[in-house]
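Spelled out from the first residue to the last, the chains are:
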Amino acid sequence: MTNKKKKVLIIRLSSLGDVVLSQVAVEILKKNFDIFFITKEKYEPLLKLNPEIKEIITLKDSTLGELIKVLQKSKRIKPDFILDLQDKILTKIIRMFLDPGGKRTYVWDAQRIERRKALLLKDFSKIKPVVQRFKEKSLEILKSELKLSEEEKNYFFDLNSEININPKIFPPQSPESEKLKNFLKKDSEKKIVCVAPESRWRTKMWSEKECSLLIKSLEKNGFKVAVVGEKPETSKLIEGGEKFFGELSLPDLIYLISKSSCVVSVDSGIMHIANALSIPCVAIFTSTTPHMGFSPYGKTYIVEYGKLRCRPCSLFGKNECPQKHHICSLIPYKKVEEGIYKVISIN
C-alpha cells in the first residue's frame with residue numbers, strides 16, 4: 001500500500017504572466033505532493049489544462065463574500081503546506097486563516113524594497129528573476145519532506161544554483177474559435193509568427209508603425225502573421241496580418257501560440273506563455289527591463305531600445321511616459337526581424 005501524498009495549496013491570484021511563471025512550483029512539487037491552486041477566475045482556464053493540478057479554487061473579485069467562499073473551500077482541502085507566491089493582503093488573510101501559526105506556510109520573497117531601490121538607483125545586481133524566487137520557496141517545501149541528511153539536501157537542492165526546471169503549461173487539443181481554425185487551415189504550409197505588441201500599460205507597448213512594417217516584411221517573406229491583443233482600438237493602428245483583438249479565449253490564445261514558429265511580444269504574459277510552451281520568442285522591452293526580475297528564458301531573443309537615463313521608468317509600466325516622449329518604444333522593426341530569424345534558426 002502506497003503512502004498518501006501530502007497536499008500543497010499554491011496561491012497566485014494574478015497577473016497572467018505571474019500565474020504562468022508560478023507553474024514552476026507545480027513542476028517541482030508534482031511528484032511528491034498533490035497540488036491545489038487558488039487564482040483569479042479569469043486564469044482558471046490556463047490551470048485547468050494542467051493535469052497535475054488536482055483542484056482549482058477561484059476568486060471572482062475581492063469582495064467579502066468571495067473571500068469567505070475561498071476560505072471555506074480551502075479549509076475543506078486541509079492542505080499540509082501553503083505556498084503563497086503573491087504575498088498581498090488578500091493572500092495573507094487566506095494563509096493566516098488556514099495556518100494561524102505559520103508553521104506550514106512558505107511565502108516567496110517579493111523583493112519589493114530591493115526593486116524600488118533598483119528602480120531609483122538603476123542598479124539591478126540584487127534582483128533575482130521571479131521564476132528563481134518561485135523555485136526557491138518550492139524547493140524549501142520539497143527539502144522539508146525528503147528524508148535526507150542536511151549534506152544531501154544541500155547537494156541535491158542548492159537554492160543558489162540554477163536548477164533545470166522551468167514553468168510548463170499545456171495547450172488544448174483543438175481551438176474553439178472558427179476564425180482561428182480558418183486562419184490555421186489557410187496556407188497551412190506557411191510558418192506562423194504570432195505578434196503581440198499590446199500591453200495593459202501604454203509605456204510597455206511597441207510602436208504601431210514599426211510593428212506594421214515588421215508584419216508587412218514577414219508576409220512578404222512567406223510567413224503567416226497573427227496579431228493578438230485585447231483592445232480593438234489598437235487593432236485599427238496596425239496594418240497587415242490576421243488580427244485577433246479581444247476575440248480569443250485564453251485556451252485559444254495558448255493554442256495559437258503553441259502552433260507558432262515564433263512569438264514576438266512586448267513584456268507581457270504572452271511572452272511568458274511562449275516560454276512555458278517552449279516556443280521561440282523575441283521579447284521587446286520598452287519602458288521596463290528584464291533585469292527587474294521578468295527576464296525570459298529558453299529560446300528567447302531580447303530587443304531593447306538602448307541606454308536611456310529614464311529607463312526603466314517603473315516596475316510594471318505606466319499609462320503615460322513620464323518624459324512625454326516614449327522614445328523607448330521606437331525600436332526599429334529590423335532589429336526585431338533579425339531576432340526572429342535567429343530564434344527560428346536555433347529551434
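Each remark here, short or long, concerns the structure printed above.
About the thresholds
Residues numbered from 1 in each chain as written. Predicted model: local features only at pLDDT ≥ 70, side-chain atom pairs only at ≥ 80, totals over all residues. Heavy atoms only, no water. Salt bridge = Lys/Arg side-chain N within 4 Å of Asp/Glu carboxyl O. Helix = DSSP H or I, 4+ residues; strand = E, 2+ residues; numbered from the N terminus. Buried < 20%, exposed > 50% of the residue type's maximum accessible area, 1.4 Å probe, protein only. Pairing = 2+ DSSP bridges. Axes fitted to C-alpha atoms, helices over the stretch in contact; angles between N-to-C directions. Contact = heavy atoms within 4.5 Å. Core = buried A, V, L, I, M, F, W, Y, C linked by side-chain atoms within 4.5 Å.

Enquirer: Give a detailed account of the pattern of salt bridges, specifying residues and quantitative values.
Expert: Where charged atoms of side chains with opposite charge meet at close range, the side chains can pair. Under the criterion given, the structure shown has 21 salt bridges. With its nearest N and O atoms 4.0 Å apart, the salt bridge here joins K48 to E44. Here the residue K48 and the residue E44 both occupy positions in helix α3 (residues 44-48), the gap between them amounting to 4 residues, near one helical turn. One continuous salt-bridge network, built from bridges that share partners, spans D84, D87, R95 and R112.

Enquirer: Just give me the short version of the environment of P171, but keep the residues and values in it.
Expert: Relative to the elements of secondary structure, P171 occurs in the loop between α8 (150-156) and α9 (178-185). A relative accessible area of 35% places P171 in the partly exposed class. In sequence terms P171 and K259 are 88 residues apart; their C-alpha atoms lie 9.5 Å from each other.

Enquirer: Break down the sheet that holds strand β8 (residues 242-245) for me, with residues and values.
Expert: If you walk across this open sheet you meet the 6 strands as β8-β7-β6-β9-β10-β11, and the pairing is parallel. At either end of the open sheet lies a strand with only one pairing partner, and these are β8 and β11 (300-304). Recorded for the sheet is a direction-independent mean angle of 15° between the axes of neighbouring strands. Bridge count between strand β9 (residues 262-266) and strand β10 (residues 281-285): 4 bridges; the pairing is parallel. Residue V264 lies in a different strand from β10, and its bridge partner there is V282.

Enquirer: Any chance you could break down the sheet that holds strand β2 (residues 33-40) for me, citing the residues and the numbers?
Expert: Reading across from one edge, β3-β2-β1-β4-β5 is the order of the 5 strands in this open sheet, with parallel pairing throughout. Among the strands making up the open sheet, the edge pair consists of β3 (53-59) and β5 (105-107). On average, each strand axis in the sheet is tilted by 20° relative to the strand beside it, whichever way the strands run. Bridging between strand β4 (residues 81-84) and β5 involves 3 bridges; their strand directions are parallel. Paired with L83 across the two strands is Y106, which belongs to β5. Along the sheet, helix α7 (residues 130-145) makes contact with β1 (6-11), β2, β4 and β5, crossing β4 at roughly 165°.

Enquirer: Residue-level account of the nonpolar core, with values.
Expert: Counting 61 residues, the largest nonpolar core has L256 and I257 as the members making the most contacts within it. Ignoring anything within four residues of it in the chain, the contact list for I257 reads C194, V263, I270, I273, A274, L277 and I279. Residues V193, V195, I238 and I284 belong to the second largest nonpolar core, which totals 24 residues.

Enquirer: Can you lay out the environment of P197 for me, pointing to particular residues and giving the numbers?
Expert: By the element assignment, P197 lies in the loop between β6 (192-196) and α10 (208-220). Here P197 falls in the buried class, since its relative accessible area comes to 3%. Linking P197 and L277, residues 80 residues apart in sequence, is a C-alpha distance of 19 Å. Contacts of P197, omitting those with residues within four sequence positions, involve M205, W206, C211, V227, V228, I238 and V266.

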